[in-house]
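# Observations on the three-dimensional arrangement
Chain by chain, the residues run as shown.
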Amino acid sequence: MAVTIAQAPEFNLQPGRVIGGTYVIERLLGSGGEGEVYKVRERRTDALRAVKVFRLERNPRALVLTRYARKLERLRNCRMVIDYHHTERLRWHNEWLTCMVSEYVEGEVLSRFVQRRGGRMDPISALLLVHAMAKGLAEIHEAGEYHGDLHWGNVLVRRRGVHFDIKVLDFFHCGRPTAAQRR
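A brief look at the structure comes next. (Residues numbered from 1 in each chain as written. Predicted model: local features only at pLDDT ≥ 70, side-chain atom pairs only at ≥ 80, totals over all residues. Heavy atoms only, no water.)

### Considerations on the overall build of the protein
- When helices and strands are counted, the protein shows four helices and nine strands.
- The N-to-C order of helical and strand elements in the protein reads β-β-β-β-α-β-β-β-α-α-β-β-α.
- Here the C-alpha atoms of the protein give a radius of gyration of 17 Å, agreeing with the 16 Å that 2.2 N^0.38 yields for 183 residues.
- Over its C-alpha atoms, taken along the principal directions, the protein stretches across nearly 50 × 35 × 35 Å.
- Once local pairs closer than 6 in sequence are excluded, the contacts in the protein between residues at least 24 apart make up 56%. (Helix = DSSP H or I, 4+ residues; strand = E, 2+ residues; numbered from the N terminus. Rg over C-alpha atoms; globule rule 2.2 N^0.38 Å. Contact = heavy atoms within 4.5 Å.)

Structural data, given as structure tokens:
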């Protein structure tokens, strides 16, 4: 759910709009090739969630969302993977869009996190960050899966003291998992 500056919001869903009768949009979190991600608040409980709205041309018959949701569900015990909740439908310009509702994660995209530090990190922090990422990726690989598009725009970081909470976003489907893809 990383932000890609070059990709302008297509849906541009405004704060206050309700999705599925359940979620109120608070703000746009990011936009990329697959779609847009919004921070939303559940009306009944005030719980924060993230909603990813897939672009129509990128998600024919909701196949991309279905693959993505299934992968997230298989990886639900991996700490580095966002928790998938369910799907919703949204009416937009006489079209039905399928949206994925997931956990909302506080954090900062790794590229911004490093840039805010002048493009460098102190060696100890960098090692701790790399260690957290390696442990998380090992869990994903031990579950027989792979990310497929890992780069610093698809990693959310939150610092907790000397530790880092890491979440990966935007898993890419390249077919059935193989040893080569995990490498």
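Don't stop here, the text continues.
### Digging into the pattern of salt bridges
- Going through the model one piece at a time under the given rule, you end up with 15 salt bridges.
- For Lys39, the salt bridge identified is with Glu26, shortest N-O distance 3.8 Å. Of the two residues, Lys39 sits in strand β3 (residues 35-42) while Glu26 sits in strand β2 (residues 23-31), which places them 13 residues apart along the sequence.
- Judged by its relative accessible area of 28%, Glu26 is partly exposed.
- Measuring nitrogen to oxygen at the nearest pair gives 2.8 Å for the salt bridge that ties Glu139 to Arg79. Within this pair, whereas Glu139 is found in helix α3 (residues 123-142), its partner Arg79 is found in the loop between α1 (63-74) and β5 (84-92), the two being separated by 60 residues in sequence. (Salt bridge = Lys/Arg side-chain N within 4 Å of Asp/Glu carboxyl O. Buried < 20%, exposed > 50% of the residue type's maximum accessible area, 1.4 Å probe, protein only.)

### Overview of the environment of Gly35
- Residue position: Gly35 is located in strand β3.
- In this structure, the C-alpha to C-alpha distance between Gly35 and Arg55, residues 20 residues apart in sequence, is 4.9 Å.
- Apart from the residues within four sequence positions on either side, Gly35 is in contact with Gly30, Val53, Phe54 and Arg55.

### Observations regarding the packing of aromatic side chains
- Taken as a whole and assessed by the stated rule, the structure comprises two aromatic pairs.
- Judged by centre distance (4.8 Å) and plane angle (85°), the rings of Phe11 and Trp92 are edge-to-face. Of this pair, Phe11 sits in the segment before β1 (18-19) while Trp92 sits in strand β5; the two residues are 81 residues apart in sequence, bridging distant segments of the chain. The burial state of Phe11 is the same as that of Trp92; both residues are buried.
- With a centroid separation of 5.8 Å and 85° between ring planes, the pair formed by Phe113 and Phe164 is classed as edge-to-face. Residue Phe113 is located in helix α2 (residues 110-115), and its partner Phe164 is located in strand β9 (residues 163-168); the two are separated by 51 residues in the primary sequence. (Phe/Tyr/Trp six-rings, centres within 6.5 Å; stacked < 30°, edge-to-face > 60°.)

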